[in-house]
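Residue strings, one per chain:
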Amino acid sequence: MSASQSGPGTVFGRLERRGVLLGLSASQLVVIGVAAAVAVTAVYSAGSGALLLSAPVWVVLLVVGTVSVGGRPLVGWLPLVAAWLGRRLLGSTTRAQSTRTAALPSKLVLPGVAGNVELVEDPRLGGVLIVDRRVGTVTAVLAANASGFLMDDGSMQEHKVGGWGRVLAGVCQQSSIVRVQILVRTVPGGLSPARQWWREHRGTSGSPIADAVAAMFDDGFLATRRRQTLLAVAARLPRGHRRGPGGGLEPVVAQFGAVAASMRAADLNPSAWLDTAALAELLASAYDPAAAARHEGLPARPVPPVPGAAERWASLAVGTAFHATYWVSEWPRSATHSAFLQPLLLGDTGTRVLSVIAEPLSTVRALREIRKAKVEHAADAAQRQRIGQIEDEATRAEVADLQRREAELVAGHGDLRFTGLVTVSASSEAELEDRCVALETSAAQAMCEVRRLVGQQGSAFLAGALPLARGVL
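The following paragraphs examine the structure supplied in this document.

Calculation rules
- Residues numbered from 1 in each chain as written.
- Predicted model: local features only at pLDDT ≥ 70, side-chain atom pairs only at ≥ 80, totals over all residues.
- Heavy atoms only, no water.
- Helix = DSSP H or I, 4+ residues; strand = E, 2+ residues; numbered from the N terminus.
- Contact = heavy atoms within 4.5 Å.
- Areas by Shrake-Rupley, 256 points an atom, 1.4 Å probe, with all protein chains shown as cover.
- Phe/Tyr/Trp six-rings, centres within 6.5 Å; stacked < 30°, edge-to-face > 60°.
- Buried < 20%, exposed > 50% of the residue type's maximum accessible area, 1.4 Å probe, protein only.
- Expected span 1.5 Å × (residues − 1).
- Arc of directions from axis to C-beta.
- Core = buried A, V, L, I, M, F, W, Y, C linked by side-chain atoms within 4.5 Å.
- Salt bridge = Lys/Arg side-chain N within 4 Å of Asp/Glu carboxyl O.

### Quick look at the overall build of the protein chain
Assigned secondary structure in the protein chain consists of 15 helices and 19 strands. In the protein chain, once contacts between residues fewer than 6 apart in sequence are set aside, the share between residues at least 24 apart is 74%. In the structure as shown, the protein chain presents an accessible area of about 22,800 Å², 61% of it carried by carbon and sulfur atoms.

### Details of the packing of aromatic side chains
Summed over all chains, the structure comprises four aromatic pairs. Where Phe256 meets Trp273, the ring centres are 5.9 Å apart and the plane angle is 35 degrees; that geometry is what we call tilted. Within this pair, whereas Phe256 is found in helix α8 (residues 250-265), its partner Trp273 is found in strand β12 (residues 270-273), the two being separated by 17 residues in sequence. The exposure class assigned to Phe256 is buried, which follows from its relative accessible area of 0%. Between Tyr287 and Phe461 the ring centres are 5.3 Å apart and the planes differ by 45 degrees, which places this aromatic pair in the tilted class. Pair noted here: Tyr287 is in helix α9 (residues 276-287) and Phe461 is in helix α15 (residues 457-464), with a separation of 174 residues, a long-range link. The class for Phe461 is buried, based on a relative accessible area of 2%.

### Describing helix α1 (residues 26-46)
Counted at 1.5 Å a residue, the expected span for α1 with its 21 residues is 30 Å, and the 30 Å between its end C-alpha atoms agrees. Listing the buried residues of α1 in full gives Gln28, Val31, Ala35, Ala39 and Ala42. Buried residues in α1, looked at end-on, bunch into an arc of 75 degrees, giving them a common side. Turned more than 90 degrees from where α1 packs its buried face, Val30, Tyr44 and Ser45 sit exposed. Considering only its buried residues, α1 is in contact with α2 (48-53), α3 (55-66), β4 (72-73) and α4 (74-90). Looking one or two residues beyond α1, the residue adopting positive phi is Gly47, at roughly 80 degrees.

### With respect to the nonpolar core
Generally speaking, soluble globular proteins have nonpolar side chains that are buried together. Ranked by size, the top nonpolar core spans 29 residues in total, and within it Leu279 and Leu466 carry the most contacts. Elements represented by at least two residues in this core include exactly β7 (117-122), β8 (127-132), β9 (137-144), β10 (177-188), β11 (225-236), α9, β14 (316-318) and α15. With five residues, the single largest contributor to this core is α9. Residues within four places of Leu466 in sequence aside, it is in contact with Leu110, Gln181, Leu183, Leu283, Ala286, Tyr287 and Phe461. Membership of the second largest hydrophobic core comes to 25 residues, among which are Phe322, Val422, Leu432 and Val450.

### Some words on the pattern of salt bridges
Taken as a whole and assessed by the stated rule, the structure comprises 13 salt bridges. Where Glu118 meets Arg133, a salt bridge forms, and the shortest distance between an N and an O atom there is 2.9 Å. Here Glu118 is found in strand β7, whereas its partner Arg133 is found in the loop between β8 and β9, with 15 residues between them in sequence. Residue classification places Glu118 among the buried positions, given a relative accessible area of 15%.

### Here's the deal with the environment of Val253
Among the secondary structure elements, Val253 is positioned in helix α8. The exposure class of Val253 is buried, given its relative accessible area of 9%. Between the C-alpha atom of Val253 and that of Val138, which follows or precedes it by 115 residues, the distance is 9.4 Å.

Written out as structure tokens, the structure is:
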């Protein structure tokens, strides 16, 4: 889904629902064709009686090919359910893997990631590079200091929105960057600095008052929340890359540095690239926020391994935490203020992660997709006119979005495909359901539609809750 910005306002494209013919996908047309073939064969073989006898077959196929449930056609549910049942039979929905393979983690083994992910500390970048050879990407994570947006006046908001637009425009010009992920985490730990200061300065007296103050800090630390903003950038692994120091990653490091420089030029306050220890701590806290919060502010110690992950149909259980990931299926359908995500970011006091993934598209590819879509819409319009069907307003809005995107590309703007994911976490299944209801309410206030990604919570959590800039299935 694409978006354009004008001043502090934002306009999003609609979710494309076109198909091969009259909005029907290829799989739907195949199922409907089989249903028609069964009915016609029955009529020509034995007349109307055979048509009635075969009705359970062709009626079921017709329903499967035309009816939608939860925004997805029934035929689209079949591969999802089959894949889920297959994973359950193979036992792959329950994984007991660690985030560490050695005392000093040069590799990561994450639930849902095939094979090992290599970590390479780069002194030029001042952080760690996440090298995934299976998918051919190198990723780095940049921490950013939020400087406030809601309390700024209109001109400052417009300046910040324009600055972020320039950062994305620069990303579009770097062909080797495949994905950018902005991730905002709301996690336990608001009193971490005060808690750490008290532990360092209270002494060893062990008085009842000191113990009471320490307990108060512990309770307040776990009850309050803090927000953390991260930017993950994934680039293609350079050809000829080799293991070891250097390894031919200099071009990637230079591009990551250019992204950080563009953020500084836009006054977006980048902090520092995460090193190995910070990344490992971040991943552990993403999987089990409450357990990781209890150790924050304490003296440095090895990062605990991630406990077993049990993937369920609509949730993911890891250690003492339960997670559910939603997909933002529809952004606001009309022009909206750039702070429209405020209810999703500030509305709930629970653990929540909002992730927006932007995938740059080359101008040639974007224009090819737009022109293909316009041809399909034209063919559908001709077919509707032939059968006497009226074109609805949603279809006209999709065509208008395509024309707007094409005009912006011709004018020299870049094109990005946006995906929004929201993950909520809780310490029990009952609490998780309450927070899911709160999330759906907040999404409605933000004029967004969200769908729970049932049957694929493992891969959805990996893409939405972890700053690895991975693609969404």
